[in-house]
Amino acid sequence: MNIDRYRRQTLVKELGQKGQEILAKKHAIIIGGGGLGSHSANLLTRIGIGRIDIIDDDIVDITNLHRTSVFSEQDIGKSKTLILEEKLRDVNTKLLIKGINQKVTVENIWPLVQYADVIIDGTDSIPLRLLINEVSIQHNIPWVYAGVYETVGMVMGILPKKTSCFQCITQDIPKSELQEIPVFGSLPATIAAIQCNEAIKLLLGKQPAGLLIYDVWNQCFDIMNIKRNPYCPMCGNKK
Ligand SMILES: [Zn+2]
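Residues numbered from 1 in each chain as written. Predicted model: local features only at pLDDT ≥ 70, side-chain atom pairs only at ≥ 80, totals over all residues. Heavy atoms only, no water.

Colleague: Which residues make up the pattern of salt bridges, and what values go with them?
Modeller: In the structure shown here, the tally under the stated rule is seven salt bridges. Glu-85 serves as the salt-bridge partner of Arg-89, at 3.4 Å between the closest nitrogen and oxygen. Taken together, the residues Arg-89 and Glu-85, both in helix 4 (residues 80–91) and four residues apart, mark about one turn of the helix. The exposure class assigned to Arg-89 is partly exposed, which follows from its relative accessible area of 39%. Here Lys-201 and Glu-198 are joined by a salt bridge, their closest N and O atoms 2.8 Å apart. In this pair, Lys-201 and Glu-198 are both assigned in helix 8 (residues 187–203), three residues apart and thus about one turn of the helix distant. Taking relative accessible area as the criterion, Lys-201 reaches 27% and is therefore assigned partly exposed. The class for Glu-198 is buried, based on a relative accessible area of 4%. (Salt bridge = Lys/Arg side-chain N within 4 Å of Asp/Glu carboxyl O. Helix = DSSP H or I, 4+ residues; strand = E, 2+ residues; numbered from the N terminus. Buried < 20%, exposed > 50% of the residue type's maximum accessible area, 1.4 Å probe, protein only.)

Okay, structure coming up:
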């Protein structure tokens, strides 16, 4: 590991040299390579997570550029994951970065995530998040939910059977019937950064903070500690 690259980061006592070495051995899998996922992939590459997979079957569209990182106008029409792989490998050549141009389904989710130490939610789909939640609980893989809507973003780190799961909080998540979800341009960067912070803390054995809610327009930040629902159909022990 090139120590010099991470020198300013390892000076942070909460991380240190030991934490950096732990992160170098971890495998993060990002599902979704758009507004949230592209920022997360960029941050985790620079921070030095040893192995990063990004899964998405979408292509770069001009309407993505206001809220994503890494992509440029020349990438329009090309696979998001392959562009992320190509450009992020140049950022940090010591890591194993793989773009997987696939749609995540009930059939393929387990083979895709089976080696993950943490799953990062970069989707904008409640059914897909419920699927990530299910596989996380079944196979004991921590994951970090994130969502953005208009000027509000939410993040929650989930430790299977230890903290409340996504199913426990679904009634608190805003749902939209809109085809195109309105998103304030800088919000995904903010929320993806908070999401990566939570992911790194989970990888280093720290407890998640709870459900974080940030309203960029009204500049307010809340953390809700939602207790596990014992009757939750996914993680409850009285279901
Ligand atoms: Zn639950």
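After presenting the structure, the write-up continues.
Colleague: I'd like a rundown of the pairing of strand 4 (residues 118–121), residues and numbers included.
Modeller: Burial along strand 4 is two-sided: the residues Val-118 and Ile-120 and Ile-119 and Asp-121 are all buried. Where strand 1 (residues 27–31) and strand 4 come together, four bridges link them in parallel fashion. Of the residues in strand 4, the one forming a bridge with Ala-28 is Val-118. The pairing of strand 4 with strand 5 (residues 143–149) spans two bridges and is classified as parallel. The residue of strand 5 that forms the bridge with Ile-120 is Val-144. At this point the chain moves from strand 4, through helix 6 (residues 126–139), to the parallel strand 5, and the crossover so formed is right-handed. (Pairing = 2+ DSSP bridges. Right-handed = clockwise from strand over helix to strand, strands pointing away.)

Colleague: Please provide a residue-by-residue account of the packing of aromatic side chains, values included.
Modeller: The full count for this structure, using the stated rule, is four aromatic pairs. The interplanar angle of 50° and the centroid separation of 5.0 Å between the aromatic rings of Tyr-145 and Phe-166 together place this pair among those described as tilted. Taken together, the residues span a long stretch of sequence, with Tyr-145 in strand 5 and Phe-166 in helix 7 (residues 166–169) at a distance of 21 residues. Summarising the aromatic geometry, the rings of Phe-184 and Trp-217 are spaced 5.7 Å apart at their centres and angled 70° between planes, so their arrangement reads as edge-to-face. Placement of Phe-184 in the loop between helix 7 and helix 8 and of Trp-217 in the loop between strand 7 (211–215) and strand 8 (220–224) is noted, with a sequence separation of 33 residues between them. Three or more aromatic residues joined by ring pairs form one cluster here, namely Trp-143, Tyr-145 and Phe-166. (Phe/Tyr/Trp six-rings, centres within 6.5 Å; stacked < 30°, edge-to-face > 60°.)

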